[in-house]
Amino acid sequence: MKTSARTGKIRKILRARYSDVRTQLDYENPFELLVSTILSAQCTDKQVNIVTKALFKKLKTPYDFANAPAEIVEQLIRPTGYFRNKAKNIINCSKAIIEKFNGEVPASLEELTGLPGVGRKTANVVLGAAFGIPGIVVDTHVARIAQRLDFSDNKDPVKIEFDLMEIIPKKEWNDFCLHLIYFGREICKSRKPLCPDCPVTKLCDYKDKSFA
DNA sequence: CTCCCGATAT
DNA sequence: ATATCAGGAG
């Protein structure tokens, strides 16, 4: 099971293949990153970036969002899906940031997850990219690949997060998750994983034999 | 567990 | 037609 040597080999291969990883979300400041990450739920980063380009021209600060009518925000973010929930969360989130944190995005996991619409995944993305604070980001790709590569037996994202925290050095938490995400988009895809092209296939027991 | 939900790939 | 995309709340 989680042999440390095998984990090290996989980390090294992915690190070499995906050098210089970074979030694909476009943002100018921590608040924009927070909004973009909320919008990224069940949506591609590409689609989020299309929407936020126009969105952030009209609404920039927590004060702008807190005072904006829900219908306006809904229309601006509609193409990302879940637009009613997301609009409500972003507006309430903005109000909370103003009231509790003087208009500044807080830089701790506890404070971030206390905001409406912000779970551990979103919080860890913001902590890592905006504040340089290490965190394991368990999104759909990380959860899927953690199981395929046998990094975790759990299906619960929070348990996967803690399993990975034990296996991966803290300094590499953020980059490691980004490596898995890049890897998940390119090779270890949910639907049709490209096992024949996979750089870590020899270290992996998961084999998808249904590729066309 | 269900609900939220549009855009794109297969 | 169905599955999936940097999930979170009730």
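Residues numbered from 1 in each chain as written. Chains lettered and ligands numbered in written order. Predicted model: local features only at pLDDT ≥ 70, side-chain atom pairs only at ≥ 80, totals over all residues. Heavy atoms only, no water.

For the rest of this paragraph, the subject is the domain arrangement of chain A. According to the domain assignment, chain A contains domain 1 (4-21 + 136-203) and domain 2 (30-131). Between the C-alpha centres of domain 1 and domain 2 the distance comes to 26 Å. For the pairing of domain 1 and domain 2, the buried interface totals around 560 Å² over both sides, and the portion due to carbon and sulfur atoms is 51%. Taken together, domain 1 and domain 2 are joined by 2 salt bridges. Among the ionic pairs, Arg-185 bridges to Asp-45, the shortest N-O distance being 3.0 Å. Seen at the junction of domain 1 and domain 2, the total is 4 residue pairs in polar contact (both at pLDDT 80 or more). Mapped onto the side of domain 1 that touches domain 2, the elements with two or more residues apiece are helix H10 (157-167) and helix H11 (173-186). Here the side of domain 1 that touches domain 2 takes 3 residues from H10, the largest share from any one element. Residue composition of the side of domain 1 that touches domain 2, by class: 5 nonpolar, 1 polar and 3 charged. (Domains from an automatic or database assignment. Buried area = accessible area lost by both parts, 1.4 Å probe. Salt bridge = Lys/Arg side-chain N within 4 Å of Asp/Glu carboxyl O. Polar contact = N/O pair within 3.5 Å; in protein donor to acceptor, adjacent residues only side chain to side chain. Helix = DSSP H or I, 4+ residues; strand = E, 2+ residues; numbered from the N terminus. Nonpolar A, V, L, I, M, F, W, Y, C, P; charged D, E, K, R; others polar.)

Let us now look at the pattern of salt bridges. Summed over the entire model, instances satisfying the criterion amount to 5 salt bridges. Notably, a salt bridge pairs Arg-15 with Glu-172, separated by 3.4 Å at the nearest N-O pair. Here the residue Arg-15 occupies a position in helix H1 (residues 4-17), and Glu-172 occupies one in the loop between H10 and H11, the gap between them amounting to 157 residues. Taken together, the shared-partner salt bridges in this structure form one network comprising Arg-11, Arg-15 and Glu-172.

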